[in-house]
Amino acid sequence: MKSSLRKRVLVTGGAGFLGSHLCERLLAAGHDVLCVDNFYTGSKDNLLPMLGHPHFELMRHDVTFPLYVEVDEIFNLACPASPIHYQFDPVQTTKTSVHGAINMLGLAKRVKARILQASTSEVYGDPEVHPQREDYWGRVNPNGIRACYDEGKRCAETLFFDYRRQHGLEIKVARIFNTYGPRMHPNDGRVVSNFIVQALRNAPITLYGDGRQTRSFCYVDDLIEGLIRLMDSPADFAGPVNLGNPGEFTMLDLAETIREMTGSRSELIHQPLPADDPRQRQPDIRLAREQLGWEPRIRLADGLKPTIAYFTTLLQKTPPQPPRST
Ligand code: NAD
Ligand code: UDP
């Protein structure tokens, strides 16, 4: 690639599940990638294919503290994403979203960089509108156990749009729906990793509540394509834009699909539904189709294959530990 096309791209949370895939895509496109992470939930293992690449740099840093670097673009992904991890230290979770956004927006303002925020479908809370469109303001409990994540992300969106209005920053806000794939943390309690690990061990598959709550699952490669298209979209398009796969499944459907695909002998068991667990979630992706020409291509069954293969290899390498539950 010509050096004039090579951008210096900062990925915060780059050692995490989504961040590591994003770093890999950006390197493959010929960019200089600076990955910043405090390794709270991320791991150097996720970056092994990139360590040693001449255009890849890794910096241990917590985004709640200011950062002084020179870059052209910023993808702000730093934040624990699974309920177990973000509820472990909820004050730090809010700080990561809010102080992290302030610090990264301040950096973007100083170096005149374009900046993208990894927001979430959780801004819709437990929604009364289905499927969720970007103009729906959501139904979030402001002081429940999920609020540190949901309200932190909502406040980060506020900051992004105020920096745009007040300082003319080029911002992009992606509302990411449940995404899965290789490099998910095997023990972080998210449903896809939990069910696969349980199924591969022939351990009981834990359905919270009646298992009839729904989620829409997007394969990681589709999601990364959406993030890159959003970053490259015209300056006057800031979002927020939903990125997710509209295919909607109950947790019961998911458990049965995974049990079948792994040939597992696991039984399905019910455990209490965690507080404020959304009953249903499905993205309306018309805006992403119109503005980004983007839609997911990978069906759940196709995306589960490489994900199951990833966990199969991982479990062969690691001693058994019980999957975590909330
Ligand atoms: P992840 O936990 O695998 O990655 C988050 C990364 O951020 C980790 O590497 C972690 O160490 C790092 N981090 C956390 N706090 C930090 C801090 N204070 N300073 C620096 N680094 C910090 O989660 P993920 O699934 O890759 O999610 C990435 C982003 O996408 C998050 O912002 C998350 O909210 C958002 N998102 C993800 C999903 C999903 O389904 N995966 C859905 C909606 C939104
Ligand atoms: N869930 C479940 N069993 C598990 C883990 C999760 O039934 O072992 C349910 C959980 O209650 C929720 C859904 O699966 O309704 C998705 O949970 P996850 O933590 O993956 O994501 P989020 O709730 O943040 O969408």
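All chains use their own residue numbering, which begins from 1 and follows the written sequence. Naming scheme: in the order in which they are written, chains are lettered from A and ligands are numbered from 1. Local features are withheld for residues below a pLDDT of 70 in this predicted model, meaning they are given only at 70 or higher, and side-chain atom pairs are given and counted only at 80 or more; totals for whole chains, interfaces and linings count all residues. Only heavy atoms go into the side-chain values, all of them from the structure, while hydrogens and water stay out.

Caption draft 1: How the structure looks around the overall build of the chain. Counting its secondary structure elements, the chain contains nine helices and 13 strands. Each radius of gyration reported is based on C-alpha atoms, and the globular scaling rule is 2.2 Å times the count of residues to the power 0.38. In terms of C-alpha radius of gyration, the chain reaches 19 Å, essentially the compact-globule figure of 20 Å for 326 residues. Each residue gets one of three labels from its accessible area relative to the maximum for its type: buried under 20%, exposed over 50%, partly exposed in between, using a 1.4 Å probe on protein chains only. The 326 residues of the chain split such that 54% are buried. Only carbon and sulfur atoms are counted for the fraction: they give 51% of the accessible area of the chain, which is about 14300 Å². Positive and negative charge centroids in the chain, built from 38 and 38 side chains respectively, lie 3 Å apart. Runs of E in the DSSP output that reach at least two residues are strands. Runs of H or I that reach at least four are helices, and both are numbered from the N terminus. Per-residue and other accessible areas follow the Shrake-Rupley method at a 1.4 Å probe size, with only the shown protein chains counted as cover for residues. The charged-residue count follows a simple rule in which Lys and Arg add positive charge and Asp and Glu add negative charge, with His and chain termini not counted at all. Each charge is placed at NZ for Lys, CZ for Arg, CG for Asp and CD for Glu.

Caption draft 2: Main features of the pairing of strand S4 (residues 73-76). Side-chain alternation along S4 places Glu-73 and Phe-75 on one buried face and Ile-74 and Asn-76 on a second face that is also buried. Should DSSP find at least two bridges between two strands, the strands are regarded as paired. Sheet analysis places strand S1 (residues 8-12) next to S4, joined by four bridges and oriented parallel. Considered in S4, the bridge of Thr-12 is made with Asn-76. The sheet contact formed by S4 and strand S5 (residues 114-120) spans four bridges and is parallel. Its bridge partner lying in S5, Glu-73 is registered against Arg-114.

Caption draft 3: Structural context of the site of ligand 2. What surrounds ligand 2 is a group of 18 residues, the closest being Val-191, Thr-206, Arg-215, Asp-277 and Arg-281. Thr-206 places a main-chain nitrogen or oxygen 2.6 Å from a nitrogen atom of ligand 2. A distance of 2.8 Å separates an oxygen atom of ligand 2 from a polar side-chain atom of Arg-215. Burial of ligand 2 by the protein chains amounts to 96% of its free accessible area of 520 Å². Of all the elements in the fold, those that place two or more residues in the shell around ligand 2 are helix H5 (191-200) and strand S8 (205-208). Split into classes, the residues belonging to the shell around ligand 2 amount to seven nonpolar, five polar and six charged. Consider each residue's heavy atoms; a residue with any of them within 4 Å of a molecule or strand counts as near. Counted as a polar contact is a pair of N or O atoms within 3.5 Å, where, for protein atoms, one must be capable of donating a hydrogen and the other of accepting one, and residues adjacent in sequence contribute only when both atoms are in side chains. Put simply, Ala, Val, Leu, Ile, Met, Phe, Trp, Tyr, Cys and Pro go in the nonpolar bin, Asp, Glu, Lys and Arg in the charged bin, and everything else, Gly too, in the polar bin.

Caption draft 4: Looking closely at unusual backbone geometry. The omega torsion across His-130 and Pro-131 is -10°, close enough to zero to call that bond cis. Position of Pro-131 relative to the elements: it lies in the loop between S5 and helix H4 (147-167). Its identity is not glycine, yet Arg-183 carries a phi of approximately 80°, on the positive side. Structurally, Arg-183 can be placed in the loop between strand S7 (179-180) and H5. Under the relative-accessibility criterion, Arg-183 is labelled buried at 13%. Of note, the phi angle at Asn-202 is positive, near 55°, even though the residue is not glycine.

Caption draft 5: Spotlight on the site of ligand 1. Ligand 1 sits among 30 residues. The nearest are Leu-18, Asp-37, Thr-41, Tyr-149 and Lys-153. In this structure, Gly-42 approaches ligand 1 through a main-chain N or O atom, which is 3.0 Å from an oxygen atom. Take Cys-79: an N or O atom from its main chain is 3.3 Å from an oxygen atom of ligand 1. When residues of the shell around ligand 1 are traced back to their parent elements, those giving at least two are helix H1 (17-28), helix H3 (90-111), S5 and H4. Classifying every residue of the shell around ligand 1 by side-chain character gives 14 nonpolar, 12 polar and four charged.

Caption draft 6: Region of the structure containing helix H9 (residues 300-317). In a helix, the anticipated span is given by 1.5 Å times the number of residues less one. Taking 1.5 Å per residue as the helical rise, H9 with its 18 residues ought to reach 26 Å, and the 26 Å between its terminal C-alpha atoms agrees with that figure. Only heavy atoms enter the contact rule, under which two residues are in contact if any of them lie within 4.5 Å. Taken together, the buried residues of H9 touch S7, H5, strand S10 (218-219), strand S12 (248-250) and helix H7 (251-262).

Caption draft 7: Spotlight on the packing of aromatic side chains. For Phe, Tyr and Trp, rings pair up if their centres lie within 6.5 Å, where Trp contributes its six-membered ring, and each pair is then called stacked (planes under 30 degrees apart), edge-to-face (over 60) or tilted (otherwise). Within the structure shown, the criterion is met by six aromatic pairs. A ring pair is formed by Tyr-124 and Tyr-136, whose centres lie 6.0 Å apart and whose planes are at 20°; its orientation type is stacked. Of the two residues, Tyr-124 is situated in the loop between S5 and H4 and Tyr-136 in the loop between S5 and H4; the sequence distance between them amounts to 12 residues. Judged by its relative accessible area of 1%, Tyr-124 is buried. What makes Tyr-136 buried here is its relative accessible area of 12%. Centre to centre, the rings of Tyr-124 and Phe-177 are 6.1 Å apart; their planes meet at 40°, and the pair counts as tilted.

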